[in-house]
Amino acid sequence: MASQLLNGAAVAEEIKRGVAARVKELEPRGIKPGLAAVIVGDDPASKVYVGSKVKTCQSLGLHSEKYELSAQTTTRELLALVEHLNQRDDIDGILVQLPLPKQIETRRILEAVDPAKDVDGFHAINVGRLVRGEESLVACTPAGIIELLDHYQIPIEGSHAVVVGRSDIVGKPMSMLLLHRNATVTICHSRTRNLPEVARQADILVAAIGRAAMITGDFVREGAVVIDVGMNKATTAGEINRIFPDSDLPKRMEDLGKRGYTLVGDVEPRTVAERASWLTPVPGGVGPLTIAMLMKNTLRAAEMRRG
Ligand code: GUN
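Residues numbered from 1 in each chain as written. Predicted model: local features only at pLDDT ≥ 70, side-chain atom pairs only at ≥ 80, totals over all residues. Heavy atoms only, no water.

Attention shifts here to the pattern of salt bridges. Across all of its chains, the model carries 22 salt bridges by this definition. A salt bridge links Arg22 to Glu303; the shortest N-O distance between them is 2.3 Å. A residue pair is termed long-range when its members are at least 10 positions apart, and Arg22 in helix α1 (residues 8–26) and Glu303 in helix α12 (residues 286–305) qualify at 281 residues. Overall, the relative accessible area of 27% leaves Arg22 in the partly exposed class. Of the residues examined, Glu303 reaches a relative accessible area of 28% and is grouped as partly exposed. Across the pair Arg270 and Asp246 runs a salt bridge, and its minimum N-O distance is 3.1 Å. Of this pair, Arg270 sits in helix α11 (residues 269–272) while Asp246 sits in the loop between α9 (237–243) and α10 (249–259), placing them 24 residues apart in sequence. Since its relative accessible area comes to 29%, Arg270 is described here as partly exposed. Overall, Asp246 belongs to the exposed group, its relative accessible area being 55%. Overlapping salt bridges bring together Asp89, Asp92, Arg305 and Arg306 as one network. (Salt bridge = Lys/Arg side-chain N within 4 Å of Asp/Glu carboxyl O. Helix = DSSP H or I, 4+ residues; strand = E, 2+ residues; numbered from the N terminus. Buried < 20%, exposed > 50% of the residue type's maximum accessible area, 1.4 Å probe, protein only.)

Quick look at the structure:
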């Protein structure tokens, strides 16, 4: 049986409506939550992400500022900007888009962000709080995935969740959130032996590896819930024909003609949709949730910081 789609875009709209309503309530008290987004260098994908974060702020009534620094920026220069933003009372959230150019010491930058303004949840203090199960600002993508599962009332407690990918941004925090919800969690990665066999044990399978269509039907138990965190590009007709179900092909080929690529996750929909009970689409699944949760984190940081 074909899987049903988990409509991340719709859940993201609902989250954003909630944020906008709360922002309106804060207005008479003279509070306007503010986000500063910092991007270093010219990576086109990063520019698109940051642009869409700033635009979403504007549409929800949040204050936002975008800082675009040259690819030659030094660690010291970026630290100075972060320090400045830490001091600003009207800035509640600071987001430094990753990855940073290689001359910049990423860890030092992330640790320089005031943990109370760390809307990405990347600071060691917030990661530590997350691991302990304490209140903290939590990385947006994994937090959004939990909201999505809850929205569709997919049971987490007692389930076997398999997370493929161990990044600091998604895999590790995702695993912690699932663990705190009483899932049994397995974390897999590039050195995992018999990955398909391990993945097939999952009731909830989270694919966050960053390799186009790597998770095929062979990795999925009949009836599993599959969450696709991937954001990759398919650039040839052959690839598209292999990855997507026939029903999807006209739209995908149109993408290819217009833009030279179509977005593909870490999951191969053609084979996985045959086996999963629920599947997130790409685009329109996890991506919009990440941005919605950034808005929610910025609001939360403002509420915590300004009472
Ligand atoms: N790069 C990829 N994902 C993210 C994210 O969630 N936050 C930031 N700051 N950079 C990213």
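Another point: a nonpolar patch on the surface. A grouping of Val48, Tyr49 and Met231 is seen on the molecular surface, where their side chains present a nonpolar patch of about 270 Å² in accessible area. Relative to the helices and strands, Met231 is located in the loop between β8 (225–228) and β9 (232–234). (Patch = residues over 30% accessible without salt bridge, like charges linked within 9 Å, V, L, I, M, F, W, Y side chains within 5 Å. Areas by Shrake-Rupley, 256 points an atom, 1.4 Å probe, with all protein chains shown as cover.)

Among the residues of α10, Leu249, Arg252, Asp255 and Leu256 are the ones counted as buried. Across the axial projection of α10, the buried residues extend over an arc of 120°, all falling on one side. More than 90 degrees from the buried face of α10, the exposed residues found are Pro250, Gly257 and Lys258. Positioned one or two residues after α10, Gly260 has a phi angle of 90°, which is positive. (Arc of directions from axis to C-beta.)

Okay, the sheet that holds strand β5 (residues 160–164) next. Taken in spatial order, the six strands make up an open sheet running β1-β11-β8-β7-β5-β6, and their pairing is parallel. The open sheet has two free edges, formed respectively by β1 (4–5) and β6 (184–188), since each of these has just one partner strand. On the sheet, helix α6 (residues 140–151) packs against β7 (204–207) and β8 and is oriented at approximately 150° with respect to β8. (Pairing = 2+ DSSP bridges. Contact = heavy atoms within 4.5 Å. Axes fitted to C-alpha atoms, helices over the stretch in contact; angles between N-to-C directions.)

Time to look at the layout of surface pockets. Leftover empty space is mapped by rolling, across the atoms, a probe with the size of a water molecule. As a volume, the largest pocket reaches approximately 1,300 Å³. Tyr49, Gln97, Val229, Met231 and Thr290 are the residues nearest the centre of the largest pocket, which is lined by 44 residues in total. Elements that contribute at least two residues to the lining of the largest pocket include exactly α2 (44–60), β4 (93–96), α6, β9 and α12. It is α2 that provides the largest number of residues to the lining of the largest pocket, a total of seven residues. A breakdown of the residues in the lining of the largest pocket according to their chemical character gives 26 nonpolar, twelve polar and six charged. (1 Å grid on protein atoms, 1.4 Å probe; cavity = no way out; pocket = protein on both sides within 12 Å on 5 of 7 lines; lining within 4 Å. Points joined across faces, edges and corners; volume = space filled by probe spheres on them. Nonpolar A, V, L, I, M, F, W, Y, C, P; charged D, E, K, R; others polar.)

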